[in-house]
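Working through the structure, step by step
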There are 2 protein chains.
Amino acid sequence: MSKSNNVYKDAFNRCLRLLDETRSLPSEPELGTLLGVSRTTVRSILSRMEETGLIAWNKRDKTVLRPPRTQDFFPEEETDSLAEIIERSFMRRLLAEGAEAGMQINELELAREIGVGTTSVREFLIRFSRFGLIEKRRNSHWVLKGFTRAFALELTEIREMFELRSAAAFAALPEDSPVWADLDRLEVEHRQLADEIATRFNEFSELDERFHRLIHRASHNRFIVDFYDVIAMIFHYHYQWNKAQERERNEVAVQEHLAYIAALKSRDPGKVDAACRKHLKSARQTLLSSIPEGRQAQLA
Amino acid sequence: MSKSNNVYKDAFNRCLRLLDETRSLPSEPELGTLLGVSRTTVRSILSRMEETGLIAWNKRDKTVLRPPRTQDFFPEEETDSLAEIIERSFMRRLLAEGAEAGMQINELELAREIGVGTTSVREFLIRFSRFGLIEKRRNSHWVLKGFTRAFALELTEIREMFELRSAAAFAALPEDSPVWADLDRLEVEHRQLADEIATRFNEFSELDERFHRLIHRASHNRFIVDFYDVIAMIFHYHYQWNKAQERERNEVAVQEHLAYIAALKSRDPGKVDAACRKHLKSARQTLLSSIPEGRQAQLA
DNA sequence: AAAATGTTTTTTCACGATAAAAGACATTAT
DNA sequence: ATAATGTCTTTTATCGTGAAAAAACATTTT
């Protein structure tokens with residue numbers, strides 16, 4: 001099979017959505033930057049759009065002939081990259097019952113189960129290993145360390161260290177730094193979400209990530225910024241799996257964020273520290289309380 | 001070529017050194033644990049030792065017939081794993097003149113240059129990416145961020161945060177913890193090295209790593225412990241490349257370590273903090289001063 | 001001449017295949 | 001009965017290969 005053309009399919013779908021808005025498409029290089037793909041892929045997309053009668057394409061002229069229909073789109077599942085597919089399968093296994101610490105991970109078995117080559121699985125596991133949940137035995141298998149209470153505590157310890165420092169750096173940023181505008185925009189989004197929390201509570205996690213990433217970026221330290229990937233990954237899958245009191249949790253978190261934002265804007269180090277600590281404390285509580293009892297025993 | 005038998009060759013060489021000490025070799029499983037390889041590899045080693053007349057092998061009986069000669073050993077370079085070979089080549093390039101930040105890294109070119117398959121290079125780059133020196137453009141090349149002054153500052157910032165915390169945790173460890181014995185042993189080694197620093201100064205870097213790893217382990221946090229890999233890697237290659245004032249540097253560092261050890265043993269948080277800060281400060285100075293001027297300009 | 005399109009080359013991504021190494025199972029010795 | 005040896009099976013590490021995607025080069029259009 002060698003390589004799937006998911007990049008093309010995904011870009012094609014995104015390009016279809018562009019069709020709704022305009023009468024004609026921009027130049028090839030421009031489309032490339034817009035979709036984040038190379039001109040080669042852009043041209044494949046245009047070829048297909050021409051074939052299926054979506055556009056008339058003649059050199060610079062790319063006129064939209066008809067609006068896209070549902071059947072013009074490639075199925076969603078064909079637009080995922082192999083890495084995403086492997087990650088999902090792996091996380092499902094990891095968070096499923098019976099994924100005990102100390103368990104062996106078998107590349108070949110994983111690859112067969114998911115239906116992909118071993119190379120892709122190996123590369124995924126290497127990338128994934130930085131999250132601290134698995135470990136390699138040289139020339140041999142991987143060992144699952146387990147999503148335990150110990151893991152959550154170690155993760156939050158670093159998170160708290162990094163975020164307190166980043167928040168302090170943020171508050172010390174000069175008045176004319178563009179981050180203050182970013183923060184204002186996020187504040188507006190938070191207020192809007194707070195007003196409609198009853199129906200939109202599930203939109204919080206995306207906002208949460210953008211907010212914390214903005215703060216971490218103020219550290220100007222690649223290790224701190226990169227570490228947020230670990231947190232984001234854990235939160236992403238964890239909350240997908242644990243939906244208990246999601247609305248209440250997010251409602252509280254939004255308010256904490258607003259207080260945190262106000263503290264940052266006050267630029268008072270003491271206030272920033274307090275608001276940050278308060279939010280991190282409840283974030284830790286939330287994470288810990290959602291680790292099932294069975295997993296807490298896996299400390300050994 | 002598929003896979004080199006460096007594991008076997010390396011274990012064989014190590015096993016040869018064992019021959020000097022005994023009249024007969026232990027059981028296969030025992031040898032396996034001793035050498036850190038499987039029984040399959042142990043049996044290959046024994047086979048060859050029998051063939052070359054080093055031992056007489058009959059089931060449980062493995063009698064040493066003659067001491068190993070120089071030509072019995074496999075050449076050193078054949079005992080390196082592919083990963084080590086790639087790492088060395090890559091680091092040579094990275095630390096060589098002309099490795100400017102922003103430069104592209106080409107998997108295929110690297111693979112051809114080193115004479116290995118692309119898969120191994122890819123896997124190496126993925127593993128290496130956690131050091132924060134390179135970054136992947138999806139579906140495209142890697143970008144070198146460069147071993148710049150900024151990198152060194154970001155690295156030391158985290159290091160200082162982590163080590164101060166670990167040192168505090170260390171000092172708070174109960175009297176009966178086995179780490180105190182470990183520390184005592186390290187203290188003795190430090191004193192011995194201090195006495196013969198004029199001739200043995202190049203042995204410091206190995207001792208340095210063991211000392212700091214012991215302290216970091218007291219944090220009981222996998223992220224802190226793992227982060228020392230980044231520091232160790234940088235120091236390893238960096239000092240291999242920059243030998244200026246090595247003796248003086250190490251002499252100072254040994255003394256700082258001894259003061260640091262004394263502070264830890266006093267279990268006084270204030271003293272520990274002070275000694276730790278002092279050492280970390282001079283470590284940072286050493287690292288920064290060894291970044292050539294040309295590289296400092298690469299901040300952008 | 002700058003920017004687009006058309007064409008060709010190179011690189012990345014993913015696979016199956018194969019030898020090395022690990023691991024499992026069967027047999028034998030203490 | 002335990003622990004070793006002998007044998008067979010499975011998994012890991014690595015390569016070459018080929019399609020997808022990117023990038024480079026050449027040509028045309030504005």
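Rules behind the numbers
Residues numbered from 1 in each chain as written. Chains lettered and ligands numbered in written order. Predicted model: local features only at pLDDT ≥ 70, side-chain atom pairs only at ≥ 80, totals over all residues. Heavy atoms only, no water. Near = heavy atom within 4 Å. Polar contact = N/O pair within 3.5 Å; in protein donor to acceptor, adjacent residues only side chain to side chain. Helix = DSSP H or I, 4+ residues; strand = E, 2+ residues; numbered from the N terminus. Nonpolar A, V, L, I, M, F, W, Y, C, P; charged D, E, K, R; others polar. Domains from an automatic or database assignment. Contact = heavy atoms within 4.5 Å. Buried area = accessible area lost by both parts, 1.4 Å probe. Pairing = 2+ DSSP bridges. Salt bridge = Lys/Arg side-chain N within 4 Å of Asp/Glu carboxyl O. Buried < 20%, exposed > 50% of the residue type's maximum accessible area, 1.4 Å probe, protein only. Least-squares fit on C-alpha atoms with pLDDT ≥ 70 in both.

This brings us to the protein's contact with DNA strand C. A:Arg39, A:Arg43, A:Ser120, B:Thr40 and B:Arg122 are the nearest of the 42 residues found near DNA strand C. Counting only atoms of DNA strand C within 4 Å of the protein, the sugar-phosphate share comes to 70%. A distance of 2.4 Å is found between a phosphate oxygen of DNA strand C and a side-chain nitrogen or oxygen belonging to A:Arg43. Here a phosphate oxygen of DNA strand C sits 2.8 Å away from a polar atom, N or O, in the side chain of A:Ser140. For the surface near DNA strand C, the secondary structure elements donating two or more residues are α2 (28–35), α3 (39–51) and α6 (118–128) of chain A together with α1 (6–19), α3 (39–51) and α5 (107–114) of chain B. Taken together, the residues that form the surface near DNA strand C break down as eight nonpolar, 19 polar and 15 charged.

Attention now moves to the domain arrangement of chain A. All names here are of chain A. Segmentation of chain A into domains returns domain 1 (6–77), domain 2 (82–144) and domain 3 (149–297). Each of domain 2 and domain 3 has a C-alpha centre, and these two points are 28 Å apart. Across the contact, 13 residues belong to domain 2 and nine residues belong to domain 3. Summing both partners gives a buried area of about 990 Å² for domain 2 against domain 3, and 62% of it is carried by carbon and sulfur. It is Leu-95, Arg-130 and Phe-131 that lose the most area in domain 2 upon contact with domain 3, and together they represent 53% of the buried surface on that side.

Next up on the list: the sheet that holds strand β4 (residues 134–136) of chain B. The strands making up a sheet associate through hydrogen bonds between their backbones, and the pairing can be parallel or antiparallel. Residues and elements named next belong to chain B. The strand order β3-β5-β4 describes an open sheet built from three strands, whose pairing is antiparallel. Since the sheet does not close on itself, it has two edges, and those belong to β3 (104–105) and β4, each with one partner. Across three bridges, the pairing between β4 and strand β5 (residues 142–144) is antiparallel. For Glu-135, the partnering residue across the bridge sits in β5 and is Val-143.

As a further point, take the pattern of salt bridges. Residue and element names in this part refer to chain B. Applying the stated criterion to the full structure yields 58 salt bridges over all chains. In this structure, Glu-251 and Arg-247 form a salt bridge, with 3.1 Å as the shortest nitrogen-oxygen distance. Placement of both Glu-251 and Arg-247 in helix α12 (residues 246–266) is noted, with a separation of four residues, approximately one turn of the helix. Owing to a relative accessible area of 32%, Glu-251 belongs among the partly exposed residues under this scheme. Take Arg-247: its relative accessible area is 33%, and that puts it in the partly exposed class. The closest approach of N and O atoms between Arg-277 and Asp-273, which form a salt bridge, is 2.7 Å. In this pair, Arg-277 and Asp-273 are both assigned in helix α13 (residues 269–289), four residues apart and thus about one turn of the helix distant.

Attention shifts here to the protein's contact with DNA strand D. In the vicinity of DNA strand D lie 42 residues, with A:Thr40, A:Arg122, B:Ser2, B:Arg39 and B:Arg43 positioned nearest. Of all DNA strand D atoms lying within 4 Å of any protein atom, the proportion belonging to sugar or phosphate reaches 69%. Contact between DNA strand D and A:Leu108: a phosphate oxygen at 3.2 Å from a main-chain N or O atom of the residue. Counting residues per element, the ones that place at least two in the surface near DNA strand D are α1 (6–19), α3 and α5 (107–114) of chain A together with α2 (28–35), α3 and α6 (118–128) of chain B. A class-by-class count of the residues in the surface near DNA strand D yields eight nonpolar, 19 polar and 15 charged.

Screw-axis analysis of chain A against chain B gives a translation of 0.0 Å along the axis, an RMSD of 0.1 Å, and a rotation angle of 180 degrees. Taken together, these values place the two copies in the relation of a two-fold axis.

Turning our attention to the sheet that holds strand β5 (residues 142–144) of chain A. Residue and element names in this part refer to chain A. Taken together, the three strands give an open sheet; going across it, the order is β3-β5-β4, and neighbouring strands pair in antiparallel fashion. Bordering the open sheet on either side are β3 (104–105) and β4 (134–136), each of which pairs with just one other strand. Pairing analysis gives two bridges linking β3 to β5, with the strands arranged antiparallel. Bridge assignment links Ile-105 to a residue of β5, and that residue is Trp-142.

Residues and elements named next belong to chain B. On strand β2 (residues 61–64), burial follows the alternation: Lys-62 and Val-64 on one face are buried, whereas Asp-61 and Thr-63 on the facing-out side are not. Sheet topology places strand β1 (residues 55–58) next to β2; four bridges connect them, and they run antiparallel. From the neighbouring strand, Trp-57 faces β2, where its bridge partner is Lys-62. Between β1 and the antiparallel strand that follows it, β2, lie two residues; Lys-59 among them carries a positive phi value of about 55 degrees.

Each side of the interface is counted separately: chain A has 32 residues, and chain B has 32 residues. Applying the counting criterion to the chain A and chain B interface returns six salt bridges. In this assembly, chain A and chain B are joined by twelve residue pairs in polar contact (both at pLDDT 80 or more). When contributions to the side of chain A that touches chain B are tallied by element, the ones reaching two or more residues are α1, α6, α7 (149–171) and α11 (222–241) of chain A. A total of nine residues in the side of chain A that touches chain B trace back to one element, the largest contributor, which is α7(A).

For B:Glu248, the location among the structural elements is in helix α12. Taking relative accessible area as the criterion, B:Glu248 reaches 42% and is therefore assigned partly exposed.

What follows concerns the side chain of A:Lys9. Residues and elements named next belong to chain A. Within the element layout of this structure, Lys-9 appears in helix α1. With relative accessibility at 15%, the residue Lys-9 sits in the buried group. Within polar-contact distance, the side chain of Lys-9 engages the side chain of Glu-78 at 2.7 Å. Once residues lying within four places of it in the same chain are set aside, the contact partners of Lys-9 are Phe-74, Glu-78 and Thr-79.

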